[in-house]
Amino acid sequence: MDKIREAMEKSAGGVLDEAPAAPAAAPRVYRRGAHLIDTPVPPPAVAPKIDDYEPIIGRGQVEELRFLAKALSGKTAKMVNSTAVGGGVAEMLNRLIPLLTELGVYTQWEVITGGNDFFEVTKGFHNALHGGDYEFTPAAREIFLQTNEQNRARMKFEEDVIVIHDPQPMNLIESRREGSGRWVWRCHIDLSNPHPDVWSFLEPMLEKYDAAIFSSPSFARQVPIPEFLFYPCIDPLSEKNKELDDIFVQKVCDDFGIDRSRPIVTQISRFDRLKDPVGVVEAYKLVKKYVDCQLVLAGGGATDDPEGSVVLQEVMAVAGNDPDIIVLNLPPWCALEINALQRASTIIVQKSLKEGFGLTVTEALWKGKPTVAGDVGGIPTQIINTLTGMLVHSVEGCAYQVRYLLTHPELALQLGKNGREHVKENFLMTTNVRRWLLMYRIMLGVV
Amino acid sequence: MMIGRERANNLTELLAGLRSCPDDSIFQHTFRTLPEYHFIRQVFSNDFAYWSSDECRETALAERLAGLDVRSFTSVSELRETLVDVVESYLRRNPSLGDRPARKPFYFCAANTVVMPTDFIVANLGEFADALKRVTIHSIHYHFIEVRLRLKLRSNDFSIWLEEDLEMPKLAAQLNRIDIYNSTLDGVRENIVRIVEGALSGRKSNG
C-alpha cells in the first residue's frame, strides 16, 4: 500500500492525511475520499471468454465469430509490438490474443527489446510521423536498424500470419523468407502527413509486407500493397467499460463531492493542451449562465508529464473559485472510477483540438451518454453530427450544444441510444476479433 | 474493409471515382450503408449522399442521391450508372461546383463479404415468425435487401419462400412493399414480424 499511497500523494500534489490547502469554495484538485485511498492497484484482470460477450452482442454474433474461426482452426499467428504494458496497443493485445486463441487460431505475442537509445529514436519517429519536426541523423538510423537486427536474431517467425504493430519493429520484415507466412503491418498512428525523411526510410520496409492496416482511411498512405481499415475498439468487459452497480457510482461521486441531483458535464482526458481543458471550462461558464450544472475534468498526465502540470495550473486559474468545477488528477489505475464518473455524467464532452481516434468518445458513447466533441481526428467517424452526438468547432459551439442537450433531455437520450448502437456495431473488441479473423482468411486464402 | 485507391476532394473527383472504383466499393457505400447505420432512422440511404450534404454542402445533390432506393437495382453496374448520371447531370447544370473543395475527402472503401449459415431453419409460418425475432440484423439485411443483387430480381428471399413454398403470394407481396428507409432495420424486422404474425392469427381465426 505504501507505493499506492505515495503515488496518490504525488498525484494529489500533497500528503493524504492533510486537509486540502485550497479554500473550501475553490475547485477541488483531488478529493481524498476514503474509497480511493483504500483502492489498491487492481490485479491483472482475468481475460474474458468469447461466451462472456454473448449478453452484449447476442448469440448470433458469437456464432458468427465461431464460424469465421472454424476454417482457420490450427492456423497460427504472431503479433509483435514494442511494449507489454501501458498504452492502447498493449491493452488491446491483452484482450485480443486470448480471444483469437480461444477461437482456435493460436496467437503468440512477442515484444521487441531495445535500449533507451532505441526508444528515444522511435519516440522521435512517432512524433515525426505525426508531422512534427525531426532531425533524422545517420546515428538514429543505425540504432533503429541494429535493434531490429538484434531482435530478428532472437525471434522466430514460423507462424502462418505475422502481424507487426507500429514502426518500432517494422524492419523485422527482413526475416521474411520465401514460402514463409504472410506479413501484415498494423499501423496505429496517423500517417497522413509524415516527416519526409522518416517516411522515405520506412516506406521501402512497408512495401515488403503483404498488407497494411490503418485506423482510418485518412491515416493511410498510398502504397502498392492492399490496405485495410480496422477501427480501434474498446472492450465492453474491461474495468473502464463494464456495467457498474449504481451504489459504486454513487460512492465515487460522494468521494469526489459530485452532486448527482444536478446535471454533470464531464471531460475525461489527460491535461494536455490538445484536449483543450481550458476551452471546456470556458464553455461550462457560458452554459452556467443559463443552466445550473457541475463540470468534472478528470484525467491524468499532470504528474508524469511536465507540460501536464502546467496545463493543470492553467485550468485551475481559469476555473477560479467555482465550487462546481471539480478537477481530478487521477492515477492511471483508476479505470473503475473513470467508468463511474462517465456513468454519472449527464453529458460528456471531448473538446479536442487534435485527436487520434478518440477512444474516450467511444467509451462515452458506449455508456449511452450524449456526447459533444471536437470535429477532429477519428471523432467524426464516431459522432455522426446530430445523430450519434454533436460535433463542435469552438468554445461557443460547445457551450451551445451542451446547453441545448441539457434542456432537451429527449434528444439527449436518443443521441445516447444511437451512439451506443454505433459503438456496438463498429467499435467493440468483438468487432475487432471479427476483422482479424476476416483478415487471416483473406491473407491465407481461406474462403 | 479495404481502403480503396480512389479518393475525392471535390465533386469532379467523386464523379471520376464513381466511374473507376471497383464494384465492391459501390456496394460498400450503398448497400452496406443501411446495416452499418441500422440504428438511425434518419440516415441517408448511401454514403455518397451523406458526403455531398455534410462535406460539400450540396443538399440538392444529396437529396437526389439519397432518393435512390438500392432495392430498385438488381446489379451494381446498374446502380453505378445511375449514380454517375445523377452527379454528372448535377455538375452539368452547376459546372462551377465541380472543383470546389470538400471540407473532408471521400475515401472509397470496399467491403469483404463472407456469407455463413445460421442455426435457424424454418418450415412453417410460426417458425418463420419466431426466427425473424432472433436472427441478427445482418441476416435480415442479407435476405431482404442485399439478395436482389444475387437473385437479379426485385424481390427478396422471404417473399420468394412465402410465395413458392408456402403458397402465400399476398403475404409475399406485402413484405416486398415494406419501406426500408422509413425506419431502422430493427423497425423493418418488426414490420415483417407484425405482418407475418397478422397472417398467422388470420389463419388461426379462419381455421
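Being a predicted model, the structure only gives us computed values, none of them experimental.

Participant: Help me out: how do you make sense of the interface of chain B and chain A in this one?
Facilitator: When the parts of a complex come together, some accessible area is lost, and that lost area is often taken as the interface size. Tallying the contact residues gives 15 residues for chain B and 22 residues for chain A. Looking at side-chain class alone, the side of chain B that touches chain A contains 10 nonpolar, 4 polar and 1 charged residues. As paired strands, strand β6 (residues 227-229) of chain A and strand β1 (residues 2-8) of chain B are joined by 2 bridges and run antiparallel to one another. Each residue of the ladder has a partner; that of glutamate 227 of chain A, found in β1 of chain B, is isoleucine 3 of chain B.

Participant: Hey, could you run me through the sheet that holds β1 of chain B in this one?
Facilitator: Note: strands within a sheet are paired through backbone hydrogen bonds, in either parallel or antiparallel orientation. Taken together, the 8 strands give an open sheet; going across it, the order is β2(A)-β1(A)-β3(A)-β4(A)-β5(A)-β6(A)-β1(B)-β2(B), and neighbouring strands pair in mixed fashion. At either end of the open sheet lies a strand with only one pairing partner, and these are β2 (106-111) of chain A together with β2 (106-110) of chain B. On average, adjacent strands in this sheet sit at an angle of 30° to one another, irrespective of strand direction. Strands β1 and β2 of chain B of the sheet are contacted by helix α2 (residues 23-30) of chain B, whose axis makes an angle of about 110° with β2 of chain B.

Participant: What is the right way to look at the domain arrangement of chain A in this model?
Facilitator: Residue and element names in this part refer to chain A. The assigned domain composition of chain A is domain 1 (2-32 + 239-426) and domain 2 (50-233 + 429-444). Taking only C-alpha atoms, the centre of domain 1 and the centre of domain 2 are 31 Å apart. Listed per partner, the contact involves 7 residues of domain 1 and 8 residues of domain 2. Partitioned by chemical class, the residues of the side of domain 1 that touches domain 2 number 2 nonpolar, 4 polar and 1 charged.

Participant: Teacher, can you tell me more about the packing of helix α6 (residues 116-129) of chain A against helix α7 (residues 138-154) of chain A here?
Facilitator: All names here are of chain A. The N-to-C vectors of α6 and α7 enclose an angle of 115°; their axes lie 9 Å apart at closest approach. Between α6 and α7, the interaxial angle falls into the category roughly perpendicular. In the crossing of α6 with α7, the sense of the turn from one axis to the other is left-handed. Contacts from Asp117, Phe118, Val121 and Gly124 of α6 reach α7 at Ala140, Ile143, Phe144 and Thr147. In terms of residue class, the contact of α6 with α7 is made up of 5 nonpolar, 2 polar and 1 charged.

Participant: Just to check I follow, could you spell out the domain arrangement of chain B for this structure?
Facilitator: Residues and elements named next belong to chain B. When the domains of chain B are assigned, the result is domain 1 (2-110) and domain 2 (125-206). Between domain 1 and domain 2, the C-alpha centre-to-centre distance is 29 Å. Across the contact, 15 residues belong to domain 1 and 16 residues belong to domain 2. Class assignment for the residues of the side of domain 1 that touches domain 2 results in 8 nonpolar, 4 polar and 3 charged.

Participant: Would you mind going over the sheet that holds strand β12 (residues 390-392) of chain A with me for this structure?
Facilitator: Residues and elements named next belong to chain A. Strand order in this open sheet of 6 strands is β9-β8-β7-β10-β11-β12, and the pairing throughout is parallel. Each edge of the open sheet carries a strand with a single partner, namely β9 (325-329) and β12. For this sheet the average axis-to-axis angle between neighbouring strands, irrespective of direction, equals 20°. Pairing between strand β11 (residues 371-374) and β12: 3 bridges, direction parallel. In the strand pairing of β12, glycine 374 is matched with valine 392. Each of β7 (264-268), β8 (294-299), β9 and β10 (347-350) is contacted by helix α10 (residues 277-288), which is oriented at about 170° to β8, the strand it contacts most.

Participant: What exactly am I supposed to notice about the packing of helix α5 (residues 59-66) of chain B against helix α6 (residues 76-93) of chain B here?
Facilitator: The angle between the axes and the distance between the axes are what describe a pair of packed helices. Residues and elements named next belong to chain B. Where α5 contacts α6, the axes come no closer than 10 Å and their chain directions differ by 160°. The orientation of α5 with respect to α6, classified from their angle, is roughly antiparallel. Note on packing geometry: the crossing formed by α5 with α6 is right-handed. From α5, Leu61, Arg64 and Leu65 reach across to α6, where they touch Leu83, Val86, Val87 and Tyr90. Residues of the contact of α5 with α6, tallied by class, amount to 6 nonpolar, no polar and 1 charged.

About the criteria used
Residues numbered from 1 in each chain as written. Chains lettered and ligands numbered in written order. Predicted model: local features only at pLDDT ≥ 70, side-chain atom pairs only at ≥ 80, totals over all residues. Contact = placed C-beta atoms within 7 Å. Nonpolar A, V, L, I, M, F, W, Y, C, P; charged D, E, K, R; others polar. Pairing = 2+ DSSP bridges. Helix = DSSP H or I, 4+ residues; strand = E, 2+ residues; numbered from the N terminus. Axes fitted to C-alpha atoms, helices over the stretch in contact; angles between N-to-C directions. Domains from an automatic or database assignment. Parallel < 35°, antiparallel > 145°, perpendicular 65-115°, else oblique. Left-handed = near helix turned anticlockwise from the far one by under 90°.

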